[in-house]
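Observations on the three-dimensional arrangement
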Amino acid sequence: MQTPIGDPAVGPHLEAEIAFRLQRHAVAGGAVTVPPPGFGYPGQVDGGTVFGLDTRGGGPAVLPFNGAARQIGVEAGRFVARAAAQRVARTADQGNFLLDQGLEGVWLFNMVDAQDRDYPDCAALFGDLPVLHYCRPLARRDAVALVPLRGYYSDIGGPNVPLPGFDEIGPEDKIPQAVWRGAPSGTCHEAGHIYWLSGLLKQLPRLSGPERAATEARIRAYGRVQLVASAQGVAGVNAGFSAKDGFRPDWVEAHLPQAMQGWFVPPMHRTRQLRYRYILALEGNDVASGLYWILASHSVALCGPRSWEIILDRGLEPWVHYVPVAPDASSVQARVAQLEADPALRRRIVANAQDFMHRATDTALRAAVDRQSLARIAARQ
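Residues numbered from 1 in each chain as written. Predicted model: local features only at pLDDT ≥ 70, side-chain atom pairs only at ≥ 80, totals over all residues. Heavy atoms only, no water.

Another aspect to go through is the sheet that holds strand S17 (residues 323-324). Taken in spatial order, the six strands of this open sheet run S13-S12-S9-S14-S15-S17, and their pairing is parallel. Strands with a single pairing partner mark the edges of an open sheet, and in this sheet they are strand S13 (264-265) and S17. When strand S9 (residues 175-182) meets strand S12 (residues 237-242), the two strands line up parallel, connected through five bridges. When the sheet's bridge partners are listed, Trp180 is paired in S12 with Ala239. (Pairing = 2+ DSSP bridges. Helix = DSSP H or I, 4+ residues; strand = E, 2+ residues; numbered from the N terminus.)

Here it is in structure tokens:
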């Protein structure tokens, strides 16, 4: 049931949601500096991943740094993507939402996956204006404000955020085991450089000697790898990378060491995963995007270590809505055994998770939070 925006109960929820998204930016505080038209921006700002959009009365414009003006254009008063990069389309979508809402101001967006930055260049140029992102590290709450990833996995009713009630299998009718399927995705931040798990796996066949040994060690440090490697042959834990796309069986067999080949298993559609009583959610490049459909199901979400969050995460708590596990098959086995021995706890966690997702998918509340969060940023300029 969706809460009407005029309902008195919306007020506290609205303020709590805005405060979560904006953190210290939720109330007027630090100075916001908007450079005047014609300002000489540096060519690159904070690693080149931030785009600046201007929606003030003079008409929409793209700020000339990080090559944004070559990648995002303005046609008929709308932002349009002029490059194929995913972040370009995402940023244009955000800009058009601002125009549709009549929100005027200067806006900073970083819509690239796995961005663990504190944005000193943006702070120097724009004062206390936050960078807007669909996902932020828990350690960057003061620098990053959260926005929806429009048209992607945070859309209500989409594949990753279904409404509670979509799961037709009752909790007692499920297989009392744990399952996980996912891509070989993940990032590691070292000395300002991002290592992508999928890229390391693709590079490995071309390496030899100490460089190959170092890369193998780095690969084995990723949480998703630790889970699938430890789960091989373990009863009750069905976990593996989906063998598809760039990691199809023929490529895996021809290019990866035999010890790694067992990590890749046939894909498993969500309808089959829902047969299991316990479904794992593990962070990849950033947030574990599958977490939300698990929370909306009749299965228990077993969640690996969490270091990222999105707009849906306000109030999400371990042992209330999900059960924390280490990315290791023995940890998963222990949690499954514990919950099988305590069905009342298991049922309570599933019920709490579904209640949580009812609030998280309240479309009227979410629409109000989207607009009013951004309106508070605009009001400070």
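With 17 residues, helix H14 (residues 363-379) extends 24 Å between its outermost C-alpha atoms, agreeing within 8% with the 24 Å of an ideal straight helix rising 1.5 Å per residue. The opening residue of H14 is Asp362, an N-cap whose side-chain oxygen sits 3.3 Å from the backbone nitrogen of Ala364. (Expected span 1.5 Å × (residues − 1). Polar contact = N/O pair within 3.5 Å; in protein donor to acceptor, adjacent residues only side chain to side chain.)

This next bit is on the pattern of salt bridges. Here the structure, examined in full by the defined rule, presents 22 salt bridges. Here Glu15 and Arg376 are joined by a salt bridge, their closest N and O atoms 2.8 Å apart. Taken together, the residues Glu15 in helix H1 (residues 10-22) and Arg376 in helix H14 connect sequence positions 361 residues apart. You can call Glu15 partly exposed: its relative accessible area is 38%. (Salt bridge = Lys/Arg side-chain N within 4 Å of Asp/Glu carboxyl O. Buried < 20%, exposed > 50% of the residue type's maximum accessible area, 1.4 Å probe, protein only.)

A few words on the pairing of strand S15 (residues 300-303). The two faces of S15 match: Val300 and Leu302 on one face and Ala301 and Cys303 on the other face are all buried. Two elements, strand S14 (residues 276-281) and S15, share four bridges in a ladder whose sense is parallel. What sits directly across from Ala281, in S15, is Cys303. Two elements, S15 and S17, share two bridges in a ladder whose sense is parallel. Counterpart to Leu302 in the pairing with S17 is Val323.

Pairing within the open sheet is mixed, and its five strands lie in the order S2-S1-S5-S6-S8. Because the sheet does not close on itself, it has two edges, and the strands there are strand S2 (61-62) and strand S8 (144-146). Pairing analysis gives two bridges linking strand S1 (residues 51-54) to S2, with the strands arranged antiparallel. Bridged to Leu53 within S2 is Val62. Along the sheet, helix H3 (residues 86-100) makes contact with S1 and strand S5 (106-109), crossing S1 at roughly 25°. (Contact = heavy atoms within 4.5 Å. Axes fitted to C-alpha atoms, helices over the stretch in contact; angles between N-to-C directions.)

With 74 residues, the main nonpolar core has Trp107, Phe126, Leu291, Leu295 and Leu374 as its most contacted residues. Here the element with the most residues in this core is H14; it accounts for six residues. Beyond its immediate chain neighbours, meaning those up to four positions away, Leu291 contacts Ala281, Ala301, Cys303, Arg306 and Leu316. (Core = buried A, V, L, I, M, F, W, Y, C linked by side-chain atoms within 4.5 Å.)

Tallied over the entire structure, the rule returns one cavity of 30 Å³ or more. In this structure, the largest cavity spans a volume of roughly 30 Å³. In this structure, the largest cavity is lined by Arg21, Leu146, Val147, Pro148, Arg150, Asp370, Ser373 and Leu374. Examining the composition of the lining of the largest cavity, we find that three residues originate from one element, H14, more than from any other. Among the residues making up the lining of the largest cavity, the classes are represented as four nonpolar, one polar and three charged. (1 Å grid on protein atoms, 1.4 Å probe; cavity = no way out; pocket = protein on both sides within 12 Å on 5 of 7 lines; lining within 4 Å. Points joined across faces, edges and corners; volume = space filled by probe spheres on them. Nonpolar A, V, L, I, M, F, W, Y, C, P; charged D, E, K, R; others polar.)

By themselves, these figures tell us nothing about what the structure is for.
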